[in-house]
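What follows is each chain in one-letter form.
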Amino acid sequence: MRKDTRRVNDTSGAATELGYIFTFLLGVLLLSVFSLWTYDIETATRERWNEEAVQMNLDDLAAAVERADEASRLGDVEYTESVWWRATEADENLFSIQLTDNSLILIDDGGSLDTQVFISGTGSGSHTGTVNLSGAQMIWVIHKDGVTSIEVDRPQ
């Protein structure tokens, strides 16, 4: 008996293998795009949360300064109020807050969270003070001797 030694060019098996490879690569591409998309969403959410937390903190602090100004208009009084600083994911060791006659200014030495909140400045005295938020959980608003200031140490 004689065997048939002719070569047959059957490409159906190779086409199936190439289909498997392209399907796998498409899956890898889609999963990569999905993971980048979810990472971008998570990052944007974290940044927005930080901005909102910082804004809420500054709004609370500005409201306390306004209350100190209101108390200063009553005459020769002393006023003290503590404001709780909400935690953020930003590096608060690089934050400092400056109180001027018309605004509270947050300075972020390491990022883009610099912001400013305006206050009325209608108190009977002046405003002063700069605090570094490194480890601070409370900020004290103090009106004493005609000056409204902010400090991280509890007044005595």
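Residues numbered from 1 in each chain as written. Predicted model: local features only at pLDDT ≥ 70, side-chain atom pairs only at ≥ 80, totals over all residues. Heavy atoms only, no water.

So what exactly am I meant to see when it comes to the overall build of the protein here?
Counting its regular elements, the protein contains one helix and eight strands. Of the regular secondary structure in the protein, the N- to C-terminal order runs α-β-β-β-β-β-β-β-β. At 31 Å, the protein has a C-alpha radius of gyration far larger than the 15 Å of a compact globule built from 156 residues. When the 156 residues of the protein are sorted by exposure, 29% land in the buried category. Contacts spanning at least 24 positions in sequence make up 55% of the contacts within the protein whose residues lie at least 6 apart. (Helix = DSSP H or I, 4+ residues; strand = E, 2+ residues; numbered from the N terminus. Rg over C-alpha atoms; globule rule 2.2 N^0.38 Å. Buried < 20%, exposed > 50% of the residue type's maximum accessible area, 1.4 Å probe, protein only. Contact = heavy atoms within 4.5 Å.)

Teacher, can you tell me more about the sheet that holds strand S5 (residues 126-128) here?
Adjacent strands of a sheet form backbone hydrogen bonds with each other and so pair up, either parallel or antiparallel. What the four strands build is an open sheet, ordered S1-S7-S8-S5; its pairing is mixed. Looking at strand neighbours, the two that pair on one side only are strand S1 (79-84) and S5, the edges of this open sheet. Going across the sheet, the axis of each strand differs from the next one's by a mean of 15°, ignoring polarity. As judged from the six bridges shared by S1 and strand S7 (residues 138-144), these two strands associate in the antiparallel manner. Bridge pairing in S7 links Val 83 to Ile 139. (Pairing = 2+ DSSP bridges. Axes fitted to C-alpha atoms, helices over the stretch in contact; angles between N-to-C directions.)

Is there a simple way to explain the side chain of Glu 81 in this structure?
Its place among the elements puts Glu 81 in strand S1. Glu 81 sits in the buried class, given a relative accessible area of 16%. Polar side-chain contacts of Glu 81 include one of 2.5 Å to the side chain of Tyr 79. When residues no more than four places from it in sequence are discounted, the contact partners of Glu 81 are Ala 64, Arg 67, Ile 139, Trp 140 and Val 141. (Polar contact = N/O pair within 3.5 Å; in protein donor to acceptor, adjacent residues only side chain to side chain.)

Please explain the sheet that holds strand S6 (residues 130-132) as it appears in this structure.
Overall, antiparallel pairing links the four strands, which are arranged S4-S3-S2-S6 in an open sheet. Strands at the two margins of the open sheet, each flanked by one partner only, are strand S4 (115-118) and S6. Within this sheet the neighbouring strands show an average axis-to-axis angle of 15°, counted without direction. By the bridge criterion, five bridges tie strand S2 (residues 95-99) to strand S3 (residues 103-108) in an arrangement that is antiparallel. If you follow Gln 98 over to S3, its bridge partner there is Ile 105. Its contacts with the sheet place helix H1 (residues 12-72) against S2, S3 and S4, and it is angled at close to 30° to S4.

In this structure, what is going on with the pattern of salt bridges? I would like to understand it.
Oppositely charged side chains are able to pair whenever their charged atoms sit close together. All chains considered together, the criterion is met by five salt bridges. In this structure, Arg 46 engages Glu 89 in a salt bridge whose closest nitrogen and oxygen atoms are separated by 3.1 Å. Placement of the pair is Arg 46 in helix H1 and Glu 89 in the loop between S1 and S2, with a sequence separation of 43 residues. Residue classification places Glu 89 among the exposed positions, given a relative accessible area of 55%. (Salt bridge = Lys/Arg side-chain N within 4 Å of Asp/Glu carboxyl O.)

When you look at the nonpolar core in this model, what are you seeing that I'm missing?
Soluble globular proteins tend to bury their nonpolar side chains together. Judged by nonpolar contacts, the single largest core of 26 residues is most densely connected at Phe 95, Ile 97, Leu 106, Leu 133, Val 141 and Ile 150. Contributing elements (two or more residues each) for this core: H1, S1, S2, S3 and S7. Not counting chain neighbours up to four residues away, the residues in contact with Ile 97 comprise Leu 58, Leu 61, Trp 85, Leu 104, Ile 105, Leu 106, Gly 129, Thr 130, Val 131, Leu 133, Ile 139 and Ile 150. (Core = buried A, V, L, I, M, F, W, Y, C linked by side-chain atoms within 4.5 Å.)

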